[in-house]
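# Examining the three-dimensional arrangement
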Amino acid sequence: MPKRVDHEERRAQIAEALVRVAGRRGLHAVGMRDVAAEAGVSLRLVQYYFETKEKLLLYGLQHLTDRFTARVGARLAAAGPAPGPRATVDALLLASLPTDEESRTFHLLYSSYAIMSVTDEALAAQPFIDNPDAAEDAVTGLIEGAREAGLADPAVDARTEAVSLLAMTATMGTSILVGQRSPESSIEVLRHHLDRIFTTPADG
């Protein structure tokens, strides 16, 4: 009896291969043939599942996003049963910084995809992520909730602070990648701003 193929498992296998080879060589230098060789499957199989390089890259990005979500969840679980808004924002931002191999790859590929989509029409036609404002909305909601609960400075504008924190994290992530700044100094800067926004240290 022929073995039943788990198509989602096979797609994930190919996506993992994309992440590995792109993490080593850069997203711009990766072709479908490279991914097939890394995954140990035929080029035709990669083409069967993804049809085009653009669709493969998009799936790989979604795969990375799922792994990022799991990283945030693990940080929150380590913070205890009721981490609060400060710890939740902290987990989200720190998981975004390239402080280990997986987060380095996430930041590198996510940034590369965004930059490539500016000049590549085929990539630009793919939805970058389902909701590009999801992180901004989440951080805004957490700051608003903390402010209403008396856990954040009542004078802060939640949306402005959310935009600033996320932009700062992305920029410092790139600084870490190129060796300008250490992960430790980046974390120190982020927590300085979190201390300014959140008024109850025990909450974080």
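Residues numbered from 1 in each chain as written. Predicted model: local features only at pLDDT ≥ 70, side-chain atom pairs only at ≥ 80, totals over all residues. Heavy atoms only, no water.

## Considering the overall build of the protein chain
- Of regular secondary structure, the protein chain possesses 10 helices and 0 strands.
- Moving toward the C terminus, one meets the helices and strands of the protein chain in the order α-α-α-α-α-α-α-α-α-α.
- Every one of the 204 residues in the protein chain was classed for burial, and the buried ones make up 40%.
- Sequence separation of at least 24 residues holds for 65% of the intrachain contacts in the protein chain that already meet a minimum separation of 6.
- For the protein chain, the accessible surface area stands at approximately 11000 Å², while carbon and sulfur atoms represent 54% of it.
- The average position of the 21 basic charges and that of the 28 acidic charges among the side chains of the protein chain differ by 9 Å. (Helix = DSSP H or I, 4+ residues; strand = E, 2+ residues; numbered from the N terminus. Buried < 20%, exposed > 50% of the residue type's maximum accessible area, 1.4 Å probe, protein only. Contact = heavy atoms within 4.5 Å. Areas by Shrake-Rupley, 256 points an atom, 1.4 Å probe, with all protein chains shown as cover. Lys, Arg positive; Asp, Glu negative; His and termini not counted. Charge placed at Lys NZ, Arg CZ, Asp CG, Glu CD.)

## Points about the packing of aromatic side chains
- Scanning the model with the defined rule gives 4 aromatic pairs in all.
- When the centroid spacing of 5.2 Å and the interplanar angle of 55° are considered together, the rings of Phe50 and Tyr59 count as tilted. Across the pair, Tyr59 and Phe50 agree in class, each one buried.
- Between Phe68 and Phe106, the ring centres sit 4.9 Å apart and the planes meet at 10°, which makes this aromatic pair stacked. (Phe/Tyr/Trp six-rings, centres within 6.5 Å; stacked < 30°, edge-to-face > 60°.)

## What to know about unusual backbone geometry
- One non-glycine residue, Glu51, lies in the positive phi region at around 65°.
- Mapped onto the elements of the fold, Glu51 is located in the loop between helix 3 (43-50) and helix 4 (53-78).
- Of the residues examined, Glu51 reaches a relative accessible area of 54% and is grouped as exposed.

## Details of the packing of helix 9 (residues 158-177) against helix 10 (residues 183-197)
- Their axes nearest at 10 Å, the elements helix 9 and helix 10 cross at an angle of 170°. Viewed along their axes, helix 9 and helix 10 adopt a mutual orientation that is roughly antiparallel. The residues of helix 10 that touch helix 9, namely those facing Glu161, Leu165, Met168, Thr169, Met172 and Ile176, are Pro183, Ser186, Val189, Leu190, His193, Leu194, Arg196 and Ile197.
- Class assignment of the residues belonging to the contact of helix 9 with helix 10 gives a composition of 9 nonpolar, 3 polar and 2 charged. (Axes fitted to C-alpha atoms, helices over the stretch in contact; angles between N-to-C directions. Parallel < 35°, antiparallel > 145°, perpendicular 65-115°, else oblique. Nonpolar A, V, L, I, M, F, W, Y, C, P; charged D, E, K, R; others polar.)

## Looking at the environment of Leu76
- Here Leu76 lies in helix 4.
- Judged by relative accessible area, Leu76 falls into the partly exposed class, the value being 21%.
- In this structure the C-alpha to C-alpha distance between Leu76 and Leu190, which are 114 residues apart in sequence, comes to 17 Å.
- Residues in contact with Leu76, not counting those within four places in the same chain, are Pro83, Ala87, Thr88 and Ala91.

## Examining the side chain of Glu161
- Mapped onto the elements of the fold, Glu161 is located in helix 9.
- Contact partners of Glu161, with chain neighbours within four places excluded, come to Ile143, Val156, Arg196 and Ile197.

## Some points on the environment of Pro85
- Structurally, Pro85 can be placed in helix 5 (residues 84-96).
- Take Pro85: its relative accessible area is 16%, and that puts it in the buried class.
- As for Pro85 and Tyr49, which are separated by 36 residues in sequence, their C-alpha atoms are 40 Å apart.

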